[in-house]
Each structure stands twice: as C-alpha cells, then as structure tokens.
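Architecture at a glance
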Amino acid sequence: MPRSALAFPLAAVLALSGCLANPVTPTRSLAPTFAVATPSVGVEPSSSATTTPSSDPTPSPTATPTDGLETLELRVTGCPGGVVLEWSSAADRAFDHYTALRSPDTAIDPAWPPIAPAVDWGDTYVTDRFITSAVDASIIPTETIWNYRVMGYDAGNRPVAASPVRRARLNDVVELGALTVEPGERAGATRVDWRLYDGLRPCFRAYRVFIGSAGGPADTLLTSVSQQDTTQLETVALHAGETYAIRVEVVRTTTLGGFLVAESEIATYTVP
C-alpha cells in the first residue's frame, strides 16, 4: 500500500490550505490550548557544508540550574504516526531559538548540548518565538513512553526558558478501510466517501484526497478537507471515461513538519 512520506516541507504544509486541482465541493485549525497539560491518548498521567576540524575539544555538557528560567507551558499528544508538541511563546528578551528534547528518562536537563540520554531529534529548532508547535515522527511506534521538554535558548545556547516535562507514546497509523466512489448528484460529478477519523483533534489537520491513473500510484493531490467531521466530497475534476486510482489520508502538520495519521485503501473507479 502506498504511503506518503512522514515529514512534510513548508511548501507542502502551506498547500494544505486549499485545493491543488479542479474545484471540489465538500458536502459536509488548530490553536494550541494550554489549559490541558497532559493528553488523554498514548500518555501516562541539513547542510552539505564541510566541517572544519578544530583543535579545541567540545566541552562536555553539565547540569544547568532551572531557577530563574521563564516557564513555557507545554502540551504533548501521542498520535497515530507521531507526537505533537505545542507550547507557549517565550517572552524573555534574550531568546534566540527553541529546541525540544526527548528522553526515556523523566528528568531532562535544559543544558546544551543535551545531557544523555536526552536527544535533540533535529526537527524543532526555530528562531521565531511565535512558532510554537512541532512534531516528533522520528521513531517507530512502540510501547515506550517518551518524555519531552521544550527549551528557549539565547544566542550562546544558554537556557532562558524551559517547559515542564510531558509524556506521550507514539501509536500505529490508523487504517480507514475501503472508500465508496460513485456518481455525484450533479451532472458529471463524482462523490467520494471515507470513514471518519475519530481520534483526538490535536492529531488532525486535514484529510487529503489523492488520485492517479488506474494501476499506478494515487499520488496527485486532488484536494484537502480541513473539517474532521467531513467524510464526503463531490468533485467535477474527474473526466468521463477515465479510470482513476483514489485514496484518502489523514495528516497532522505544523510549520516544522508533519506525519501520516491514517490512510484508506485505494479505490479504482471509472467515471461514467
């Protein structure tokens, strides 16, 4: 079964805001909410430049006191396919960038470089203090409960803000099952129905409907649907007499990346 890549560049994320092909008419956004600190699912409670060698050894990280650091609120949500992190913005004037750390241990020191076993998985560095969400899709689903902490650092990598440690587990991608594809109510229209993704709203950003030639991959984006309770669309973008491969997937995206949450089987349909 074809799968989309589990990470999406900025251009692909922005493309989710509208249809990329011909008009469609669905027949039926997520601001972080910091009142809930612990999610209810899966949770307990590159550069090609050459590096120039240096004769100065890299100092070993040492534990850093957290007294005096600004507190960032943090919510982590374990989802099918990945973990979503959402945090409050840093107000400290010395702020330069955010980085989130992941660890199997519940204690995560804010020092930089990270103190093992904490790691930076490489997808959360951002210098805009108002970009406050990211994802971790860098690990495979297991029963492991992972611990996360988001830090704000100054230009010298000294911590100026830190969140509490929150916990989440990565789950398996959900199967949406078979699609129903049939003629629509309008002349020349095609209707596509899929099963509702009824997982947590923080795990949902959009349904994406893909088409392709019969026998080939369905990898051309027809449209995106941002309403989680919508399970049907009608489109006149498919041409009479043509046979198509059609599939639907659910994605969760942020400016800093995204992941596949759920996907349907591929349906083959010939337009009357």
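Above this text is the structure in question.
Computed from a predicted structure; not experimentally measured.

**Details of the sheet that holds strand β3 (residues 74-79)**
- Read from one edge to the other, the open sheet built from three strands follows the order β3-β4-β6, with strand pairing classed as antiparallel. Two strands in the sheet have a free side with no partner beyond their single neighbour: β3 and β6 (133-136). If you compare each strand with its neighbour and ignore which way they point, the axes differ by 20 degrees on average.
- Taken together, the six bridges between β3 and strand β4 (residues 82-87) define a ladder with antiparallel strand orientation. Paired with T77 across the bridge in β4 is V84.

**As for the state of the cysteines**
- For the coordinates displayed, the defined rule picks out one disulfide.
- One disulfide bridge connects C79 with C203, the sulfur atoms lying 2.0 Å from each other. On the sign convention where negative means left-handed, the S-S torsion of about -85 degrees between C79 and C203 marks this disulfide as left-handed. Here C79, found in strand β3, pairs with C203, found in the loop between β12 (190-193) and β13 (206-213); they are 124 residues apart in sequence, far enough to count as distant.
- The class for C79 is buried, based on a relative accessible area of 0%.

Cut-offs applied
Residues numbered from 1 in each chain as written. Predicted model: local features only at pLDDT ≥ 70, side-chain atom pairs only at ≥ 80, totals over all residues. Heavy atoms only, no water. Pairing = 2+ DSSP bridges. Helix = DSSP H or I, 4+ residues; strand = E, 2+ residues; numbered from the N terminus. Axes fitted to C-alpha atoms, helices over the stretch in contact; angles between N-to-C directions. Disulfide = S-S within 2.5 Å. Buried < 20%, exposed > 50% of the residue type's maximum accessible area, 1.4 Å probe, protein only.

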